[in-house]
Structure formats: structure tokens, C-alpha cells
Amino acid sequence: MADYDVLVVGCGPTGLMACGELAKRGINVLGIDKKPRLDENIRTASGYCFLDQSFNNEYIKMEPAGNKTLLHYTDSGFSVEYSMPMEGIHHSHMFSDTGKHWKASTRKKPFYHLFVPNNCFKDRYAWAKKCGAKFLPETLVLRAKQTEKEVEIIARTNGKTRTLTARKLIASDGLGSRIARHLGVNRNRTPFGKGPSIEWEMNGVETPYDRGDMFFFGGKNFGGRQGALIMVPSMSGKKAYRLETLSVLPASSATELIEYFTQKGPFSSWFKHAEIIDKSAAVVDMMTPIITPYLGNVLFVGDSAAFAECLYQCATMAGYMSAVYMEEELKGKKGFEGYNEWWANHFEWIKNPKRMADYTKRVLFPRFFSVKELDFLFELSEKNPIVVDEADATPYDFTKVVMEQFIAMPEVPDALKKRMQQIIDGDMGMIATVIGQSQKA
Ligand SMILES: Cc1cc2nc3c(=O)[nH]c(=O)nc-3n(C[C@H](O)[C@H](O)[C@H](O)COP(=O)(O)OP(=O)(O)OC[C@H]3O[C@@H](n4cnc5c(N)ncnc54)[C@H](O)[C@@H]3O)c2cc1C
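Bear in mind that the values here come from a model prediction, so they are computed numbers and not experimental data.

A. Up close: the overall build of the protein chain. Secondary structure assignment for the protein chain yields 12 helices and 23 strands. In summary, the protein chain has a C-alpha radius of gyration of 22 Å against a globular reference of 22 Å for 441 residues, a match within 12%. Its C-alpha atoms give the protein chain principal-axis dimensions of about 70 × 45 × 40 Å. Here the protein chain holds 441 residues, and the buried ones make up 56% of them.

B. Summary view of the pattern of salt bridges. Counted according to the given criterion, the structure contains 28 salt bridges. The salt bridge involving Glu 40 is made with Arg 37; its shortest N-O contact spans 3.6 Å. Judged by its relative accessible area of 29%, Glu 40 falls in the partly exposed class. Overall, the relative accessible area of 44% leaves Arg 37 in the partly exposed class.

C. Structural view of the sheet that holds strand S8 (residues 87-89). Strand order in the open sheet formed by three strands is S3-S11-S8, with antiparallel pairing between adjacent strands. Each having just a single partner strand, strand S3 (48-49) and S8 make up the two edges of the open sheet. By the bridge criterion, three bridges tie S8 to strand S11 (residues 112-114) in an arrangement that is antiparallel. Its bridge partner being in S11, Glu 87 is matched across the sheet by Leu 114.

D. Molecular detail of the site of the ligand. In the region of the ligand, 33 residues are neighbours, and Thr 14, Asp 33, Gly 47, Val 141 and Tyr 312 sit closest. Between the ligand and the protein, one listed contact pairs an oxygen atom with a backbone N or O atom of Pro 13 at 3.2 Å. Taking Lys 34, its main chain carries an N or O atom lying 3.2 Å from a nitrogen atom of the ligand. Computed on the free molecule, the ligand has an accessible area of 1000 Å², of which 92% lies beneath the protein chains in the complex. Secondary structure elements with two or more residues in the shell around the ligand: helix H1 (13-24), strand S13 (139-146), strand S20 (275-287) and helix H5 (311-330). Within the shell around the ligand, the residues separate by chemical class into 13 nonpolar, 11 polar and nine charged.

E. A look at a positive patch on the surface. A cluster of basic residues, Lys 34, Arg 156, Arg 178, Arg 181 and Lys 194, forms a positive patch at the surface. Relative to the assigned elements, Arg 156 resides in strand S14 (residues 151-157). With a relative accessible area of 38%, Arg 156 lands in the partly exposed category.

F. Structural detail: the domain arrangement of the protein chain. Here the protein chain is partitioned into domain 1 (4-85 + 115-190 + 288-351), domain 2 (193-286) and domain 3 (355-440). Centre-to-centre, using C-alpha coordinates, domain 1 lies 29 Å away from domain 2. If you look at the interface, domain 1 gives 16 residues, while domain 2 gives 14 residues. Interface area for domain 1 against domain 2, summed over the two sides, is near 1100 Å², with a carbon-plus-sulfur share of 58%.

G. Representation of the packing of helix H8 (residues 354-364) against helix H11 (residues 414-425) within the structure. One can describe the packing of H8 onto H11 by two numbers: an axis separation of 9 Å at closest approach and a directional angle of 125°. When the axes of H8 and H11 are compared, the pair comes out oblique. Where H8 approaches H11, its residues Lys 354, Asp 358 and Lys 361 are matched on the opposing element by Ile 423, Ile 424 and Asp 425. In terms of residue class, the contact of H8 with H11 is built from two nonpolar, no polar and four charged.

H. Focus on the packing of helix H9 (residues 371-383) against H11. Between H9 and H11, whose axes approach to 13 Å, the crossing angle comes to 100°. The angle between H9 and H11 places the two elements in the roughly perpendicular class. Touching Glu 373, Phe 376 and Leu 377 of H9 are Leu 416, Arg 419 and Met 420, all from H11. Looking at the contact of H9 with H11, its residues break down into four nonpolar, no polar and two charged.

I. Expanded view of empty space enclosed by the protein. Across all of its chains, the model carries two cavities of 30 Å³ or more by this definition. By volume, the largest cavity amounts to about 210 Å³. Taken together, 15 residues make up the lining of the largest cavity; nearest its centre are Leu 71, Cys 120, Arg 124, Tyr 312 and Thr 316. Mapped onto the lining of the largest cavity, the elements with two or more residues apiece are H1, strand S6 (68-73), strand S7 (78-82), helix H2 (117-130) and H5. Grouping the constituent residues of the lining of the largest cavity by class yields 12 nonpolar, two polar and one charged. Computed from the structure, the second largest cavity encloses a volume of approximately 80 Å³. In terms of lining, the second largest cavity is formed by Trp 102, Ala 104, Ser 105, Phe 111, Ile 386, Val 388, Ala 391, Phe 398, Val 401, Val 402 and Gln 405. Listing elements by their share of the lining of the second largest cavity, those giving two or more residues are strand S10 (101-106), strand S23 (386-388) and helix H10 (398-407). Ranked by residue count, the leading element in the lining of the second largest cavity is H10, at four residues.

J. Region of the structure containing the environment of Arg 187. One can find Arg 187 in the loop between helix H3 (178-182) and strand S16 (191-203). Assessed through its relative accessible area of 73%, Arg 187 is described here as exposed. When the C-alpha positions of Arg 187 and Leu 377 are compared, they lie 42 Å apart, and in sequence the two are 190 residues distant.

K. Geometry of the nonpolar core. Of all hydrophobic cores here, the largest spans 122 residues; its most connected members are Ile 179, Phe 300 and Phe 369. With 12 residues, the single largest contributor to this core is H5. Non-local contacts of Ile 179, meaning those with residues more than four positions away in its chain, are made with Val 9, Val 141, Ala 144, Leu 169, Ala 171, Asp 173, Val 298 and Phe 300. Core analysis: the second largest hydrophobic core is formed by 20 residues, Ile 198, Val 205, Tyr 241 and Trp 270 among them.

Reading guide: rules and limits
Every chain's residues receive numbers from 1 upward, in the order its sequence appears when written. In keeping with the model being predicted, local features are shown solely for residues with a pLDDT of at least 70 and side-chain atom pairs are shown and tallied solely at 80 or more, while totals for entire chains, interfaces and linings include all residues. As a convention, hydrogens and water are excluded, and side-chain values are obtained from all of the structure's heavy atoms. Secondary structure is summarised from DSSP: a helix means a run of H or I of at least four residues, a strand means a run of E of at least two, and numbering begins at the N terminus for each. A radius of gyration in this sense is built from C-alpha atoms; the matching globule rule multiplies 2.2 Å by the number of residues raised to 0.38. Burial status follows relative accessibility: with a 1.4 Å probe on protein chains alone, a residue under 20% of its type maximum counts as buried, one over 50% as exposed, and anything between as partly exposed. We define a salt bridge as a side-chain nitrogen of Lys or Arg found within 4 Å of a carboxyl oxygen belonging to Asp or Glu. Strand pairing is assigned whenever DSSP identifies at least 2 bridges connecting the two strands. Proximity is defined per residue: if any heavy atom of the residue lies within 4 Å of a molecule or strand, that residue is considered near it. Whenever two N or O atoms come within 3.5 Å, that pair is a polar contact, provided that in protein one can donate a hydrogen and the other can accept it, and provided that, for residues adjacent in sequence, both atoms are side-chain atoms. Methods summary: accessible areas were calculated by the Shrake-Rupley approach with a probe of 1.4 Å, and residue burial reflects only the protein chains presented. In this classification, Asp, Glu, Lys and Arg are treated as charged, Ala, Val, Leu, Ile, Met, Phe, Trp, Tyr, Cys and Pro as nonpolar, and every other residue, Gly included, as polar. Candidates for patches are residues over 30% relative accessible area with no salt bridge; among them, like charges are joined within 9 Å and nonpolar side chains (Val, Leu, Ile, Met, Phe, Trp, Tyr) within 5 Å. A residue counts as positive if it is Lys or Arg and as negative if it is Asp or Glu; His and the chain ends are not included. By convention, the point assigned to a charge is CZ for Arg, NZ for Lys, CD for Glu and CG for Asp. Each domain's limits were defined by an automated method or a database of domain assignments. Only heavy atoms matter for contacts: two residues are in contact if any of them lie within 4.5 Å across the pair. Buried area is a sum: the accessible area each of two parts loses on coming together, probed at 1.4 Å, counted once for each and added. Angles here are taken between N-to-C directions and fall from 0 to 180 degrees, while the axes themselves are lines fitted to C-alpha atoms, restricted in helices to the stretch in contact. By definition in this entry, angles of less than 35 degrees are roughly parallel, angles greater than 145 are roughly antiparallel, angles of 65 to 115 are roughly perpendicular, and the rest are oblique. Grid points spaced at 1 Å over the protein atoms alone were grouped into cavities, where a 1.4 Å probe fits but cannot get out, and pockets, open sets with protein on both sides within 12 Å along at least five of seven lines, with lining residues defined by an atom within 4 Å of a point. Grid points are joined across faces, edges and corners, and a volume is the space filled by probe spheres set on the points. For our purposes a nonpolar core is just a set of buried Ala, Val, Leu, Ile, Met, Phe, Trp, Tyr and Cys residues, chained together by side-chain atoms within 4.5 Å.

Written out as C-alpha cells, the structure is:
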């Protein structure tokens, strides 16, 4: 007989939710993670969350409840409690290579809300334990193999190797999933490359601009280094921001980039009195998603099967739905097929590969134009400020919204408008060409 009904490998937002929900349903589950503490986040995450709007075919309704927030997943049919209020952000900024500024603002509905990633871990871990889930931290899963009836893993805790078995396994081990790689399911995925990111959370940042996300690009900001930096407000204070690099390998270039930006670059005066309150890092490993996210007794859930990222909000949703369908599967019904259908009906890039391209356009924005063109466009937007009641700010459609604003301006030449339309319509082929061209330049 197997040691457990279900082993959950990886206790990020996906795995913690799956563990709690499985335990709540009376299923004997063990969550395993290489991290020593499962109630803490150590991976870079900006903390933005898209609420009260449709995202990946789910509409999360936010209900402030005193010092807490309730998040109701109205399509998937469950709710989670978050132990803090969330802050709505109404401004978004970009800064070009020459320091020209673009800004968009909403009057009524925020572009998105902020949360504290660490608090999500604290909340979800405490809840999962309360539901009866068991955990094995500080344990690296080295290998998984399966027979028709069960799954076996080899794991190492403090130098000691052990074998554990279960009827089923949830692989929620994130981007670059070792389990997906070892079981061969990545063979059919197209890789798009890896990039490191490091984050400094800083307090005491003195910026003259309205509180909002700020996207910096161009060699001058980083001492000629390739890459970009996004600064997202943090709930640690009114002058607190998370600075995250979008860097190229080797990872040391990320540190050099952020050091230059905060200590020597044109915006370094903002950081004169600021202190670093937290540091984290991540490697983003981009591949096409796993179209059928199961193999035998193993279900691939969350970022392990995703294109780029599920975000906490949809990783939580995937974790919940994996538990719902796992219960069916354990009863001998076709639960994994049910999860497969749900996965395809929710994450947009499964049925429509163009949505992978749309998702990346926001961070690739500066690569679509020359410095001169960006300066022209940003100067125009300073004269015609973009202020609307509400706007779709999800990564899928933000660039389309920005381009459409520019296309509507009579001063923009037709040739530039045509290029913007091509960018709106472009798929991953166009993205690959743009990246190739900017690497040659
Ligand atoms: C730079 C950056 C910014 C981001 N900003 C945001 C944001 O603002 N908002 C947002 O919602 N999301 C953001 N995300 C995305 C978000 O972090 C992920 O989508 C989310 O964490 C996915 O959850 P997951 O549980 O599927 O995977 P992960 O969070 O990656 O969790 C995987 C877990 O598996 C464990 N693990 C991996 N391999 C093994 C192994 N072999 N043995 C044992 N344990 C293992 C890891 O330790 C980890 O705990 C950001 C990501 C990056 C990189």
C-alpha cells in the first residue's frame, strides 16, 4: 500500500492551496518542498493582483473585511481569506532612455491591487495545516517514477535520501519543473529562453511621481547594460517600492544593473535616503504550456505547466481545482480529464497561442520602437494625458490599450500607427523577430 494518497511536490501558492483543499476533503496528503520554511516567500514577486475584472476566465471579487480581504473566485466557486487590506493602484509610468515620461491614470477603478507575497504564504500555510495537511520541508525531490498503480519519489532531507510512495502526485514545483523534465513531458514544449531577476525592496524612495508602477529602460539608465527595471509600489510603506530587474544571463548582470540604477544612474537621487529592506531572486524559464497536464498518475499544476507564470491568484485557483479533480480521480472517475478541460478553458494561452505573445508585449514595449520614436510618443502623451475611469491592465491586454491610445492621436504618423497595429496583431513569431533584431542592434 502506498504511503500517501497524494504527494504534492512544491509548496508555492499552487501546492499550499492543493494541500489544504485535499486535506479538507479527507485525503491523506503530504506537501514536500526544498525550502526550510513554508510560511515565507523567498522568490521574487511584485505583488500585483487583478481583481474585479476577468483574468484567465476567472472573475475574482474583492470584499474588504476590516483588516482582512476576502477574495471570491466567482467562476471556480471558492473563496480565500487574505489577512491584510489590499491597496488599489491608479497610476502607471514608463521612462525612456532619455528620461522622457509616459503616464496613464484611472479615476475610478484601480489598474490592479497590491498584496504582500509573504503574507499569502503565511495565510495559506496556516490554513492548510488547520485543514490537516502534513508537510515535509527542507526536502529536495530528486526523481519521480511511476507504475500503473502508484508514484514513487526519491527525496533528500539534510543529506539523507528516502523513498516515498503515493497513489497520485501533484507536480507543483514551479517553472522549469524537475518532475516534468524527468518524466519527459517537456519534450513537446518549445523553449523561449531563461532570464534572471533580482528584487530589492526599498523603503524611503523619494520620487516626485504619483504612486504607481514605473518601467525604466534604455542603456543610459543602466550604464549601457542590457535589460530593464520595474519598480512596483510595496505595501511596506508609502515610500516603499519593489525594484525588479529584467536581466540577461549571467545572473551577476542583474546585480550590476540594479546597483548602477540606484547608485549612479539618472534616477539615483531618489534612492539617496532609501534602505534595502528585503532582497530576493528568481529565474524565469519560458516555454509553451503543457497542453495535456497529466501523465499516468501525475498531474502538473500551476507554473510547472504554464507559459511564463500563473500569478499567485491563478496559481491558487489551479491548486484548488487540482484538489477538486484529484478527489474524483481517486474515486476512479476521470478526474484528470476534468482538470485538463478546466485548464484549457481557463488559461488563455492553451487554446490561443497568440495570448503568449500578448502576455509578453508589456515587458517588450521598448523594443518595438527606436529611442527617437519613443521620445516622440512620450512627449505626445505628456501633452495629452491618459486619464480614464478604468482600463484593462492585465498583462494580456495592457499593451493593446496603450497602443490604441497612441493610434487615436492625430499627430502620430500613419506608418507608426500601422506598426502599432502589427504589434497588437503579432504572435510569437513577431516577438522572436523583435528579440532577434534588438539582440543584433
Ligand atoms: C520577477 C517576478 C515577478 C512576479 N510578480 C508577480 C506578481 O506581482 N503577482 C503575482 O501574483 N505573481 C507574480 N509572479 C509570478 C508568481 O510568483 C508565480 O506565478 C507563482 O509563484 C506560481 O506559483 P507555483 O506554486 O505554481 O510555483 P512556485 O511559486 O515557483 O513554487 C514552486 C515551489 O516548488 C518548490 N520546488 C521546486 N523544485 C522542487 C524540488 N525538486 N523539490 C522540492 N521542492 C521543489 C520551490 O521551492 C517552490 O516553493 C512573479 C514572478 C516573477 C519571477
